[in-house]
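Take a look at the letters that make up each chain.
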Amino acid sequence: MIMQLEQRFIEIQNLLTIYFPLISQWDEDVLKGKGLVHPWIDKVSTFSEDELLEFDAKRNHKLLDNPEWLELVDKIKKLTSFKCVEPPKEEVTTLGNVKKRHELNRLNSTLAPLSGSSTLDFGGGVGNLAHHLEKNYNMNVLVIDSNPELIDLGKKKLSKLNSSVTFKSIEITNKIPNELVYASKDLAIGLHTCGNFANNMLRTCVKNKIPTILNFGCCYSKVLDDDYHLSSLADKSIKFNRRALAISTLGFSQVPTELVRYRYQIIDYKYSFYHWNYRAHNILEFKPMGNSRRRLYGKTFSDFVSTTLNKYYPQLSKPKPDELDIFYRSQENIELLKYLKSYYAIARYIGELLEAYILCDRALYLEENGYQASILEVFDPTISPRNKLISAVRIDK
Ligand SMILES: C[S@@+](CC[C@H](N)C(=O)[O-])C[C@H]1O[C@@H](n2cnc3c(N)ncnc32)[C@H](O)[C@@H]1O
């Protein structure tokens, strides 16, 4: 049975209030020795690497055999599962990469009844979705995007395809104009509207009474100014920090073991470096080191430190390789790394609740403003992790 939005929202809010520390830690505190003390972290820290991969990559949560944890994960599954949309029987050819083609095809049963709509594509970028809507659903589409370069690219690309899609460069903010662009539109669609943009799209649609709204959010860590309590049911005294919002933007399905093993290698080297830099130089700084530089993480730890020091701290003297290797293998460092990997493995279960909180809150906001709203699972989360659609139809004319 599908739970009512209100009841779901309140249950999620209650759980987040209890388990928030498990998604909101600051890594600075951990390096200073003030990590969270929690029996679940202690237990997961005792796992072998294979067990941790099973728990984290394969999502076998039962390896942490604690009644409260098992009950919590059951609740999370219930509270974050929504009605699934059937995949289409036949796939159509679309523009875009594998992920985009999957998304556009999976939207078929949602879009088919809206054929012929006069449509606004919020954050439509280069117009892949707009072209799909025009070609397959006979829609008349205006793309709105704040990035004029994407708009120029889109115009050039679609003009070669004889498209009638139009583009307008507008930044959607919370100062909502009653512009003509919104008048007499039937449908607003936002595919992966990041951070506050999603909320501002919804506000714009409410203010301009757009009859149907389809919205997929993304990048909740870009939600600024605590703009995540939109509905009257939200307890505004709860604050979600940037760490928690970033965790709510992770993928929550199974991940290939090899990928997670590589992530662990990154954690091992990066955090050992930060740890060493803090101990040796009292420097507690996190640098945006690219995760994609595989070669860097295939080196020895001392080579990794040497490359990192050359890049970010050329003024610091180079330590001896054996000193670094001894530090890397020290009990204190090993425990820190185990703690971090355990914390983030647990957090990847609980973060899904925060995503569901944000989406339910947005849907409730629409319900409070004259719409009937629902949340649907549309994409395969292993292909497109932000797979949940807020679908709303205006009932208050
Ligand atoms: C994550 S991309 C999604 C692009 C496209 N809809 C898709 O799914 O591939 C977000 C898009 O929204 C645009 N955007 C971000 N903030 C915006 C805002 N406040 N107003 C209008 N467009 C915005 C960006 O330029 C970008 O093209």
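In this text, all values refer to a predicted model and were calculated from it rather than measured experimentally.

Caption draft 1: Up close: the overall build of the protein chain. For the protein chain, the count of helices and strands is 16 helices and eight strands. Taken over C-alpha atoms, the radius of gyration comes to 23 Å for the protein chain, in line with the 21 Å a tight globule of 397 residues would show. Considered along the principal axes of its C-alpha atoms, the protein chain spans approximately 70 × 50 × 40 Å. Residue burial in the protein chain is summarised as follows: out of 397 residues, 36% are buried. If you take every contact in the protein chain between residues at least 6 apart in sequence, the share linking residues at least 24 apart comes to 71%.

Caption draft 2: The arrangement of the sheet that holds strand β2 (residues 118-122) in detail. The sheet built from eight strands is open, its strands ordered β1-β7-β8-β6-β5-β2-β3-β4 with mixed pairing. A strand with exactly one partner marks an edge of an open sheet, and here the two such strands are β1 (83-84) and β4 (166-169). Here four bridges tie strand β6 (residues 212-218) to strand β8 (residues 388-394), and the two strands are oriented antiparallel to one another. Within β8, the residue paired with threonine 212 across the bridge is valine 393. Most of the contacts of helix α8 (residues 128-137) go to strand β3 (residues 140-145), to which it runs at about 170°, and overall it touches β2, β3 and β5 (187-194).

Caption draft 3: How the structure looks around the site of the ligand. Every one of the 17 residues lining the ligand counts as a neighbour, but Gly123, Gly125, Ser146, Asn147 and Ile172 are closest to it. Counting residues per element, the ones that place at least two in the shell around the ligand are β3 and β5. The leading source of residues in the shell around the ligand is β5, at three residues. Broken down by class, the residue content of the shell around the ligand amounts to eight nonpolar, six polar and three charged.

Caption draft 4: Broad picture of the nonpolar core. Formed by 93 residues in total, the largest nonpolar core has its most connected members in Ala188, Ile346, Leu353, Leu354, Cys360 and Ala363. It is helix α16 (residues 331-368) that provides the largest number of residues to this core, a total of 18 residues. Shared between two domains, this core takes at least three residues from each, and those domains are domain 1 (26-63 + 256-350) and domain 2 (83-251 + 351-394). Not counting chain neighbours up to four residues away, the residues in contact with isoleucine 346 comprise Leu22, Trp40, Ile41 and Val44.

Caption draft 5: Here's a closer look at the pairing of β3. As paired elements, β2 and β3 share five bridges and run parallel to each other. Residue aspartate 121 lies in a different strand from β3, and its bridge partner there is valine 143. Pairing of β3 with β4, which is carried by four bridges, proceeds in the parallel orientation. When the bridges of β4 are listed, valine 143 appears paired with phenylalanine 167.

Caption draft 6: Up close: the domain arrangement of the protein chain. Taken domain by domain, the protein chain comprises domain 1 (26-63 + 256-350) and domain 2 (83-251 + 351-394). Computed from C-alpha atoms alone, the centre-to-centre distance between domain 1 and domain 2 is 36 Å. Within the side of domain 1 that touches domain 2, the residues separate by chemical class into four nonpolar, no polar and one charged.

Caption draft 7: Broad picture of the packing of helix α10 (residues 196-207) against α16. Contact geometry of α10 with α16 gives a least axis separation of 11 Å together with a crossing angle of 10°. Judged on the interaxial angle alone, α16 and α10 are roughly parallel. In contact with Ala198, Asn199, Leu202 and Val206 of α10, α16 contributes Arg362, Tyr365 and Leu366.

So, how was this worked out
- Residues numbered from 1 in each chain as written.
- Predicted model: local features only at pLDDT ≥ 70, side-chain atom pairs only at ≥ 80, totals over all residues.
- Helix = DSSP H or I, 4+ residues; strand = E, 2+ residues; numbered from the N terminus.
- Rg over C-alpha atoms; globule rule 2.2 N^0.38 Å.
- Buried ≥ 20, exposed ≤ 12 C-beta atoms within 10 Å, placed from the backbone.
- Contact = placed C-beta atoms within 7 Å.
- Pairing = 2+ DSSP bridges.
- Axes fitted to C-alpha atoms, helices over the stretch in contact; angles between N-to-C directions.
- Near = placed C-beta within 6 Å.
- Nonpolar A, V, L, I, M, F, W, Y, C, P; charged D, E, K, R; others polar.
- Core = buried A, V, L, I, M, F, W, Y, C linked by C-beta atoms within 7 Å.
- Domains from an automatic or database assignment.
- Parallel < 35°, antiparallel > 145°, perpendicular 65-115°, else oblique.

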